[in-house]
Amino acid sequence: MGITDFSWKLADHPNIPKGKTIALIVLDGWGEASPDPYNCIHVADTPTMDSLKKGNPDYWRLVRAHGTAVGLPTEDDMGNSEVGHNALGAGRIFAQGAKLVDAALASGKIYDGEGFNYIKECFETNTLHLIGLLSDGGVHSRLDQLQLLLKGASEKGAKRIRVHFLTDGRDVLDGSSVAFVEALEQDLEQLRKKGVDARIASGGGRMYVTMDRYENDWGVVKRGWDAQVLGEAPYKFKSAVEAVKKLRADGHNDQYLPPFVIVDENEKPVGPVVDGDAVVTVNFRADRMTMVAKALEYENFDSFDRVRFPKIRYAGMLQYDGELKLPSHYLVSPPEIDRTSGEYLVHNGIRTFACSETVKFGHVTFFWNGNRSGYFNSEFEEYVEIPSDSGITFNVQPKMKALEIGEKARDAILSGKFDQVRVNIPNGDMVGHTGDIEATVVACKAADEAVKMILDAIEQVGGIYVVTADHGNAEDMVKRNKTGQPLLDKNGQIQILTSHTLQPVPIAIGGPGLAPGVRFRKDVPDGGLANVAATVMNLHGFEAPSDYEPTLIEVVGN
Ligand SMILES: O=C(O)[C@@H](CO)OP(=O)(O)O
Ligand SMILES: [Mn+2]
Ligand SMILES: [Mn+2]
């Protein structure tokens, strides 16, 4: 762990006083990119964020939010909320799920672990089901990992395999699902040639089937359950490629493809889950797997009627929730994100308020706290969740709950009951993922207004603000070639980018409570999200632990 004489007690900062209320604002999906018509943050009216930028370089700067700076395998990996909030909260860079799974597959250790040995028991007599997101987005899962696992499991004796995939279109281009399904079919064909009965059994779009999060809409998970476990869905097809092509032609996009099952010549589903089977959820990222993991694992469960609860051996690619120990079996151990800044600060008497709306609530709590649900100490913490709209795509409601989040934060700041008021403002990200440029512009304006409300409250109480983001999204809505020009599809239309980006994100500090002489230092040019935790600890009047990534600030003129 690299630190000796461990203690939760933080040393006092030599020049920064304690006792200032700090607003810590994370704009989800808010990167920095050149001004251009596809930069919705630039196009939108965002006077508050614009004024913060004028503080460059002493009070505004950029930080890295993708690739190795947040524990991802390569610099080609875009940032995402999980790794971004983990880094912001933990103050150190941990090798993340994507990287840990890569390593376990490369070394073969994945096949020696408890999780694999547990599911292997079913291989001789029963079916192995793999459920997960099918793309190379690298945010929740990766196709190449699924391909290696298919190969490895069959070599280790799996005789009958069924894949239940979720189409993406959110971390990758909409419409790319067809090619991913074709690639998967080719691999399954290879396995069949080797005598393995390997087939696709069901499918559906990630935002409509299975991958809900933070209990926003259990109906999403139920649709997945019905197709994957019960073998029931509104659409039945003989081929998965045909299914995806037909449903897309009918106007559904990849993210929202309705559920379907693959049936045999007698119209019987080819892969429902039955007693004695093994199931692996192949996503490494936690938030959108926790609900389905509960449905697959919990004996007592009343979030929807499962109709049938088969006796299976279930393992996650990773353990998704360390506090709940969910699932209890997993193929790869998750990153052990310990001693987060939230836990330290609570031990040092910092009273914390955290808030977002449902779709991002776990980001400022669960991810912030190192994938840990619940409070460290409920006497010092209050987490408020504002219910998100469900059953809609957020381009129809681009303001989302930004105003309500702003109001809750404002009230918490003015109450005087908290030292840190932390929020996630989701608009740039959630609306950016819809690919609707006009709506994303409205979303960015709404986010900016929420920031203003919070900064005004900080002004009133003489506090400090820290405004940053977890990764890019709304600042670039078009796929580009290497020289940065928008790419056109075969019909001459620009290719809309629904995903996150590789862009850096801004961080701004200020407010009447900022001690004189505090400014951004210039000797951490490569600073990333993991440098923010030490910065915030300093602003609370503490030195950060010695193994945290260095602070971004210095105090001059003392
Ligand atoms: O919606 C999600 O699951 C991801 C994109 O796959 O977005 P974020 O990391 O911002 O939560
Ligand atoms: Mn995010
Ligand atoms: Mn996102």
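All residue numbers refer to position in the chain's written sequence, counted from 1. Note on labels: chains are lettered from A, ligands numbered from 1, in written order. Given that the model is predicted, a residue must reach a pLDDT of at least 70 before its local features are reported, and side-chain atom pairs must reach 80 or more before they are shown or counted; all residues, however, enter totals for whole chains, interfaces and linings. Based on all heavy atoms of the structure, the side-chain values leave hydrogens and waters out of the count.

By the naming in an unreviewed UniProt entry, the chain goes by phosphoglycerate mutase (2,3-diphosphoglycerate-independent) and is assigned to Kalanchoe fedtschenkoi. One UniProt comment on the chain, placed under Subunit (unreviewed entry), says "Monomer." According to UniProt, the comment filed for the chain under the heading Catalytic activity (unreviewed entry) is "(2R)-2-phosphoglycerate = (2R)-3-phosphoglycerate". UniProt positions are given in the numbering used here, feature names are shortened, and annotations may be inferred rather than shown by experiment.

**Q** Explain helix α13 (residues 402-415) to me, please; I cannot follow it from the model alone.
**A** Structurally, the α-helix is built with 3.6 residues per turn, so residues lying three or four positions apart point the same way. Here α13 contains 14 residues, and its C-alpha end-to-end distance of 20 Å stays within 8% of the 20 Å for a straight helix at 1.5 Å per residue. For α13, the set of buried residues is Ala402, Ile405, Gly406, Ala409, Ala412 and Ile413. All buried residues of α13 project into a common sector of 130° when viewed along the axis, lining one side. For α13, the secondary structure elements touched by its buried residues are β1 (22-27), β11 (352-357), β12 (381-386), β13 (420-425), α14 (427-432) and α15 (437-461). Numbering of helices and strands starts at the N terminus; helices are DSSP runs of H or I of at least 4 residues and strands are runs of E of at least 2. To estimate how far a helix should reach, multiply one less than its number of residues by 1.5 Å. Each residue gets one of three labels from its accessible area relative to the maximum for its type: buried under 20%, exposed over 50%, partly exposed in between, using a 1.4 Å probe on protein chains only. In this context, the arc is that of the directions from the helix axis out to the C-beta atoms. Here, two residues are considered to be in contact whenever any of their heavy atoms come within 4.5 Å of each other.

**Q** Help me out: how do you make sense of the UniProt feature "binding site: substrate" (unreviewed entry) in the chain in this one?
**A** Listed under "binding site: substrate" (unreviewed entry) in the UniProt record, and renumbered for this structure, are His140, Arg170, Asp171, Arg206, Arg213, Arg285, Ala286, Asp287, Arg288 and Lys360. Among the annotated residues just listed, those that line the largest cavity are His140, Arg170, Asp171, Arg206, Arg213, Arg285, Arg288 and Lys360. Structurally, the position occupied by arginine 170 is in the loop between β4 (160-167) and α7 (177-193). Owing to a relative accessible area of 4%, arginine 170 belongs among the buried residues under this scheme. Look past the residues within four positions of arginine 170 in its chain and what remains in contact with it is Arg206, Met207, Gln255, Arg288, Met430, His433, Thr498 and Ser499. You can see alanine 286 is positioned in the loop between β8 (278-281) and α10 (290-297). Cavity: a set of points on a 1 Å grid over the protein atoms alone where a 1.4 Å probe fits but cannot get out. Pocket: an open set with protein on both sides within 12 Å along at least five of seven lines, its lining residues, like those of a cavity, having an atom within 4 Å of a point.

**Q** Would you take a moment to explain the nonpolar core for this structure?
**A** Nonpolar side chains in soluble globular proteins generally cluster together in the buried interior. Here, nonpolar core refers to any group of buried Ala, Val, Leu, Ile, Met, Phe, Trp, Tyr and Cys residues whose side-chain atoms link them within 4.5 Å. Counting residues in each nonpolar core, the largest one holds 80 residues, and the members touching the most others are Leu128, Ile161, Met317 and Leu331. Broken down by element, the residue count for this core peaks at 6 residues, all from α7. Residues in contact with leucine 331, not counting those within four places in the same chain, are Ile110, Gly115, Phe116, Ile119, Leu149, Val280, Ala315, Gly316 and Met317. If you look at the next biggest cluster of nonpolar residues, it comprises 68 residues, including Ala87, Val421, Val466 and Ile553.

**Q** It is not clear to me how the coordination of the manganese ion (ligand 2) should be interpreted in this structure. Could you clarify?
**A** A metal bound by six donors in octahedral fashion has ideal angles of 90 or 180 degrees, whereas one bound by four tetrahedral donors has an ideal angle of 109.5 degrees. Metal donors were taken as nitrogen, oxygen and sulfur atoms no farther than 2.8 Å from the ion, or 3.2 Å where the ion is Na, K or Ca. Water is excluded, so coordination may look unfinished. For the manganese ion (ligand 2), the protein coordination sphere consists of Asp28 (OD), Ser81 (OG), Asp470 (OD) and His471 (NE2), at 1.9 to 2.1 Å. Counting the intervening residues between successive donors of the manganese ion (ligand 2) yields the motif D-x52-S-x388-D-H. Here the manganese ion (ligand 3) and the manganese ion (ligand 2) are spaced 4.3 Å from one another. Comparing aspartate 470 with histidine 471 shows no difference in burial state: the two are buried.

**Q** Quick question: what am I supposed to make of the domain arrangement of the chain here?
**A** It is common to report an interface's size as the accessible area lost on association of the parts. Splitting the chain by domain gives domain 1 (22-95 + 337-553) and domain 2 (98-316). On a C-alpha basis, the centroid separation for the pair domain 1 and domain 2 is 32 Å. Counting residues at the interface gives 31 residues for domain 1 and 21 residues for domain 2. A combined buried area of about 2,000 Å² lies between domain 1 and domain 2, and 57% of that area is made up of carbon and sulfur atoms. The salt bridge definition used is simple: a Lys or Arg side-chain nitrogen within 4 Å of an Asp or Glu carboxyl oxygen. Viewed at the interface, domain 2 and domain 1 are joined by 0 salt bridges. Under the rule applied, a polar contact is a pair of N or O atoms within 3.5 Å (in protein, one hydrogen donor and one hydrogen acceptor; residues adjacent in sequence only if both atoms are side-chain atoms). At the junction of domain 1 with domain 2, the criterion picks out 7 residue pairs in polar contact (both at pLDDT 80 or more). Those elements that place two or more of their residues in the side of domain 1 that touches domain 2 are α3 (81-90) and α12 (358-367). Of the residues forming the side of domain 1 that touches domain 2, the biggest block, 8 residues, is contributed by α12. Segmentation of the chain into domains, including their bounds, is taken from an automatic or database domain assignment. Buried area adds together the accessible area that both of two parts lose upon being put together, with accessible area traced by a 1.4 Å probe.

**Q** How should I be thinking about empty space enclosed by the protein in this particular structure?
**A** By rolling a water-sized probe across the atoms, one finds the places where empty space is left. Grid points are joined across faces, edges and corners, and a volume is the space filled by probe spheres set on the points. Under the definition given, this model contains 3 cavities of 30 Å³ or more. Counted as a void, the largest cavity has a volume near 70 Å³. As for the largest cavity, its lining consists of 13 residues, of which Arg170, Arg213, Arg285, His433 and His500 are closest to the centre. Tallied by class, residues from the lining of the largest cavity come to 1 nonpolar, 4 polar and 8 charged. Gly is placed with the polar residues, together with every amino acid not listed as nonpolar (Ala, Val, Leu, Ile, Met, Phe, Trp, Tyr, Cys and Pro) or charged (Asp, Glu, Lys and Arg).

**Q** How do you make sense of the UniProt feature "binding site: Mn(2+) 1" (unreviewed entry) in the chain when you look at a structure like this?
**A** When the UniProt feature table is mapped onto this chain, "binding site: Mn(2+) 1" (unreviewed entry) is found at Asp429, His433 and His500. Considering the C-alpha atoms alone, the annotated residues occupy 72 residues of sequence yet fold into one spot, their largest mutual distance being 7.9 Å. Cross-referencing the annotated residues with the lining of the largest cavity gives Asp429, His433 and His500. The residue aspartate 429 is located in helix α14 in this model. Leave out the neighbours within four places in its chain, and aspartate 429 touches Asp28, Gly29, Lys360, His471, Asn473 and His500.

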